[in-house]
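# Structural overview for review
Below, each chain spelled out in residue letters.
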Amino acid sequence: MGLPYGSIPRKTVPRAEQEHAMDYSVLMDFNVGLCVRGYCKYSVLFYGYYNNQRTIGFLKFRLPLSYLMVGVGTFGYSLMVVIRTMAKNADVGGGDGEDGEFTFAWKMFTSWDYLIGNAETADNKYASITTSFKESIVDEEENQKDENIHLRRFLRVLANVLIICSLGGSGYLIYFVVKRSQEFANMDNLGWYEKNEVEIIMSLLGLVCPPLFETIAELEDYHPRIALKWQLGRIFALFLGNLYTFLFALFDEVNAKLAEEESIKNASIWAMKEYYANFTVNNNDTEATPPPIDPADVIRGPCWETTVGIEFVKLTVSDIQVTYLTILIGDFLRAVIVRFLNYCWCWDLEAGFPSYGEFDISGNVLGLVFNQGMIWMGAFYAPGLVGINVLRLLTSMYYQCWAVMSCNVPHERVFKASKSNNFYMGLLLLILFLSLLPVVYTIMTLPPSFDCGPFSGKQKMFDVIMETIDMDLPAFMGTLFSYAANPGLIIPAVLLMVLAIYYLNSVSEAYKNSNMELKKKMQMQRDEEKNRRNNTDSTNQVMKDLEDLLPNRSLIPPPAPETSADNKSDTAGKSPKVSGKPGAAANGVNLQKDVSLATPNPRAAVTRPPGPRGPGPLPGNSLQVPGQGRGRGRGQPPRR
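Because the structure is a prediction, the values reported are computed rather than measured.

With that out of the way, let us pick up the overall build of the protein chain. In terms of helices and strands, the protein chain carries 17 helices and two strands. For the protein chain, with 640 residues in total, the buried portion stands at 29%. A separation threshold of at least 6 residues defines the contact pool for the protein chain, and within that pool the share at least 24 residues apart is 72%.

Structural data, given as structure tokens:
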């Protein structure tokens, strides 16, 4: 929106660059040398194109305010989406119960999908079930493994030291390369490698370091599932460390450009005064209005925001090229060799080396996460980067789909999606937070360029918000915002939010522990019910001890109820109510029949005081009555 191309200097290619502005090499490199730049740099793709005019069009659209609010609102909306997705994934697979009970039986009888109608799908399902059994066997072996714990700890410490050294070395290499690229920017006649050294080094590190980490991880001898998470975490740390090292080196260049910008600003003001003075002297007319300077001839500042955006666009484009070339050479060419040379080779190429390439699910997901972090971080400096990423994702989907169907085989390791989703979403949430930090630092700390972008002419980028509050909102709204920005109110609000998060986390942990206890009680209850039905011993040790202490009352014959003719006539027309409790006859008492609640008490009324106890067996050691079998009590056997 706003003025068209060529109307102001920030939307116009300088005259010295117009000759080569449409060269393919210039368009692909975005910024090749001092005097060769393309149209892409002065287009809507980058920050510097947008005007600082406060309102645009008859709708009075506020472009600077919109640019800032959209840039910050993107992070807020993305944060909401990621957290909501993690909350949904937390409920998936939560009712599995005890996974370690009857593992092999469940896998044997419930793993097959009877709706399969394709032979290839059936083969893949068969391989998946086989691998699942192998994983379960590995789990059992890990539980029963007896190892030298001291040697294992030493090897794991050694592996982590080697990986930390690799991460530090890759970070130093990127910092060195970025610093050298700043020296190359002041040189002419550079070769292809010098122009693209930073992107080449970062892409090579992304290809070489993950296999190196996997080789070093063999020393740790972790469980395969744990080893996979460690591997993904280390690759993520590599990508993130390389990206932040690149940013730190880039911000050093930004500080240099800010120092250069002040001198260019003074030179542009001096050139403008000289132009007006020379026009007045040459025309001998002090009242004549000089024509405006052509936008292509105006002195330009370095526009450091566009420089940062160019680097992110170059990283994204180089990442697309490396990904596509890797699939074409590493997967397609490898599959062609295996397919057509397998008949005339010394060994089986499909079963041995090199075999068909596996589709790396975790690596591709991690690549998407890292790519999304670059988009979040660079979209503020290059708004068109979002459109480039959308085109990249669309083409990548069909390209990788073709590669999977024609060149790849299924991954050997079976992934449980319901238990892996939140792990990847957690990485995405982390990179979202880390991508927000450079943007916030830019908005709150660095001064914007004086001649490009929507915030030119202001001390800080966030000044546009204060300007909108002062000029567009009522006076009391400005007072409210000033109170809300008071540190005395912000600090207690932050503390209150921290306490609320701590409280909710504690409640969540309490609910989780309560659910675990309820699951254990339900499992114990099911075991007890099953044992009662099968007339087997109880598994509850506490109930065993209590039943051993109680007398064996099931050996005492029940007293015969005294019934009269009237009682017989009353009960003759009534059907007895049977208790429907399943455990009515399983409490250690050998009942002859279920008694209705309406029947009279069979015991006679007590009419005399209790006398001394007669001779007989002690409680818990009652003799067995002849003709009666032993009941279901837990007492000691009778002594003869």
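Having seen it, we continue.
Two side chains of opposite charge can pair, provided their charged atoms sit close to one another. A complete count under the given rule lists four salt bridges for this structure. Its salt-bridge partner being Asp319, residue Arg392 comes within 3.1 Å of it at the nearest N-O pair. Here the residue Arg392 occupies a position in helix H11 (residues 385-406), and Asp319 occupies one in helix H9 (residues 304-341), the gap between them amounting to 73 residues. The class of Arg392 is buried, set by a relative accessible area of 9%. Given a relative accessible area of 23%, Asp319 falls into the partly exposed group. A single salt-bridge network, built from bridges that share partners, covers Arg54, Arg62 and Asp472.

Here we take up the packing of helix H7 (residues 197-216) against H9. Packing of H7 against H9 brings their axes to within 10 Å, and their N-to-C directions diverge by 45°. In terms of axis orientation, H7 runs oblique to H9. Seen from above, H7 lies across H9 with right-handed handedness. Residues Glu199, Met202, Ser203 and Leu207 of H7 touch H9, and the partners they reach there are Glu311, Lys314, Leu315, Ser318, Val322 and Thr326.

The sites that carry the UniProt feature "transmembrane region" (unreviewed entry) are, in the present numbering, residues 65-83, 157-178, 231-251, 374-395, 423-444 and 480-504. What you have in residues 65-83 is 100% helix and 0% strand, and the ends, taken at the C-alpha atoms, are 27 Å apart. When the span residues 480-504 is considered, its composition is 92% helix and 0% strand, and the gap between its end C-alpha atoms is 30 Å.

A separate point is empty space enclosed by the protein. Tallied over the entire structure, the rule returns one cavity of 30 Å³ or more. Here the largest cavity is characterised by a volume of approximately 40 Å³. Taken together, Arg54, Arg62, Pro64, Leu65, Val464, Glu467, Thr468 and Asp472 form the lining of the largest cavity. Elements supplying a minimum of two residues to the lining of the largest cavity: helix H2 (63-90) and helix H13 (463-472). Counting residues per element, the lining of the largest cavity draws most heavily on H13, which supplies four residues. Residue classes in the lining of the largest cavity are distributed as three nonpolar, one polar and four charged.

By definition, a disulfide is the covalent link that joins the sulfur atoms of two cysteine residues. Taken as a whole and assessed by the stated rule, the structure comprises one disulfide. Through a disulfide, Cys303 is tied to Cys452; the S-S separation comes to 2.1 Å. An S-S torsion of about 105° defines the bridge between Cys303 and Cys452 as right-handed. Taken together, the residues Cys303 in the loop between helix H8 (224-283) and H9 and Cys452 in the loop between helix H12 (417-444) and H13 connect sequence positions 149 residues apart. According to the relative accessible area criterion, Cys303 is buried, its value standing at 8%.

Another aspect to go through is the side chain of Ser166. Mapping Ser166 onto the fold places it in helix H5 (residues 149-184). Excluding its chain neighbours within four sequence positions, the residues that come into contact with Ser166 are Leu212 and Phe213.

This part takes up a negative patch on the surface. Taken together, the side chains of Glu214, Glu218, Glu358 and Asp360 make up a negatively charged region of the molecular surface. Inspection of the secondary structure assignment puts Glu218 in the loop between H7 and H8. Glu218 gets classed as exposed once you look at its relative accessible area, which sits at 60%.

This part is about the confidence of the model for the protein chain. Chain-level statistics for the protein chain give a pLDDT mean of 75 and a share of 72% at 70 or above. Looking at the elements of the protein chain, mean pLDDT is at its lowest for helix H17 (residues 565-572), recorded as 47, and at its highest for H11, recorded as 90. Counted against residues more than four places away or in other chains, residues 30-36, with its pLDDT under 50, gives 21 contacts. In the predicted structure, residues 564-599 sits below a pLDDT of 50 and forms 15 contacts with residues beyond four places in sequence or in another chain.

This part takes up the packing of H2 against H13. It is at 9 Å that the axes of H2 and H13 come closest, and there the two elements cross at 125°. It follows from the interaxial angle that H2 and H13 lie oblique. Note that H2 runs across H13; the crossing there is left-handed. Contact with H2, carried on its side by Pro64, Leu65 and Leu68, involves Val464, Ile465 and Thr468 of H13 and no other residues of that element. Grouping the amino acids of the contact of H2 with H13 by side-chain chemistry returns five nonpolar, one polar and no charged.

With that settled, the discussion passes to the packing of aromatic side chains. For the coordinates displayed, the defined rule picks out 14 aromatic pairs. Ring pairs connect the aromatic residues Tyr47, Tyr49, Tyr50, Tyr67, Phe380, Tyr381 and Phe455, which therefore count as one cluster. One residue, Arg339, lies across the ring of Phe340, its end atom 5.6 Å from the ring centre.

Bringing the nonpolar core into the picture now. Nonpolar side chains tend to gather and get buried jointly when the protein is soluble and globular. Judged by nonpolar contacts, the single largest core of 71 residues is most densely connected at Phe246, Trp304, Phe380, Ile431 and Phe455. Counting residues per element, the ones that place at least two in this core are H2, H5, H7, H8, H9, helix H10 (361-378) and H12. The element that contributes the greatest number of residues to this core is H8, accounting for 16 residues.

Note that Thr479 resides in helix H14 (residues 475-484). In this structure the C-alpha to C-alpha distance between Thr479 and Ile469, which are 10 residues apart in sequence, comes to 9.6 Å.

At Lys60, a residue that is not glycine, the phi angle is positive and equals roughly 55°. Within the secondary structure layout, Lys60 lies in the loop between helix H1 (24-29) and H2. Even without glycine at this site, Cys303 takes up a positive phi of about 50°.

Another aspect to go through is H11. Given a rise of 1.5 Å per residue, 22 residues ought to cover 32 Å, and the 31 Å separating the end C-alpha atoms of H11 matches this to within 8%. Those residues of H11 not exposed but buried are Leu385, Asn389, Arg392, Ser396, Gln400 and Ala403. Each element contacted by the buried residues of H11 is listed here: H9, H10 and strand S2 (408-409).

Note on placement: Leu427 falls in helix H12. The exposure class of Leu427 is buried, given its relative accessible area of 10%. C-alpha separation for the pair Leu427 and Phe236, spaced 191 residues apart in sequence, amounts to 8.0 Å. For Leu427, the contacting residues outside a window of four places in its chain are Phe236, Leu366 and Val369.

Reading guide: rules and limits
Residues numbered from 1 in each chain as written. Predicted model: local features only at pLDDT ≥ 70, side-chain atom pairs only at ≥ 80, totals over all residues. Heavy atoms only, no water. Helix = DSSP H or I, 4+ residues; strand = E, 2+ residues; numbered from the N terminus. Buried < 20%, exposed > 50% of the residue type's maximum accessible area, 1.4 Å probe, protein only. Contact = heavy atoms within 4.5 Å. Salt bridge = Lys/Arg side-chain N within 4 Å of Asp/Glu carboxyl O. Axes fitted to C-alpha atoms, helices over the stretch in contact; angles between N-to-C directions. Parallel < 35°, antiparallel > 145°, perpendicular 65-115°, else oblique. Left-handed = near helix turned anticlockwise from the far one by under 90°. UniProt positions renumbered as here; feature names shortened; annotations may be inferred. 1 Å grid on protein atoms, 1.4 Å probe; cavity = no way out; pocket = protein on both sides within 12 Å on 5 of 7 lines; lining within 4 Å. Points joined across faces, edges and corners; volume = space filled by probe spheres on them. Nonpolar A, V, L, I, M, F, W, Y, C, P; charged D, E, K, R; others polar. Disulfide = S-S within 2.5 Å. Patch = residues over 30% accessible without salt bridge, like charges linked within 9 Å, V, L, I, M, F, W, Y side chains within 5 Å. Areas by Shrake-Rupley, 256 points an atom, 1.4 Å probe, with all protein chains shown as cover. Lys, Arg positive; Asp, Glu negative; His and termini not counted. Charge placed at Lys NZ, Arg CZ, Asp CG, Glu CD. pLDDT = per-residue confidence, 0-100. Phe/Tyr/Trp six-rings, centres within 6.5 Å; stacked < 30°, edge-to-face > 60°. Lys NZ or Arg CZ within 6 Å of the ring centre and 35° of its normal. Core = buried A, V, L, I, M, F, W, Y, C linked by side-chain atoms within 4.5 Å. Expected span 1.5 Å × (residues − 1).

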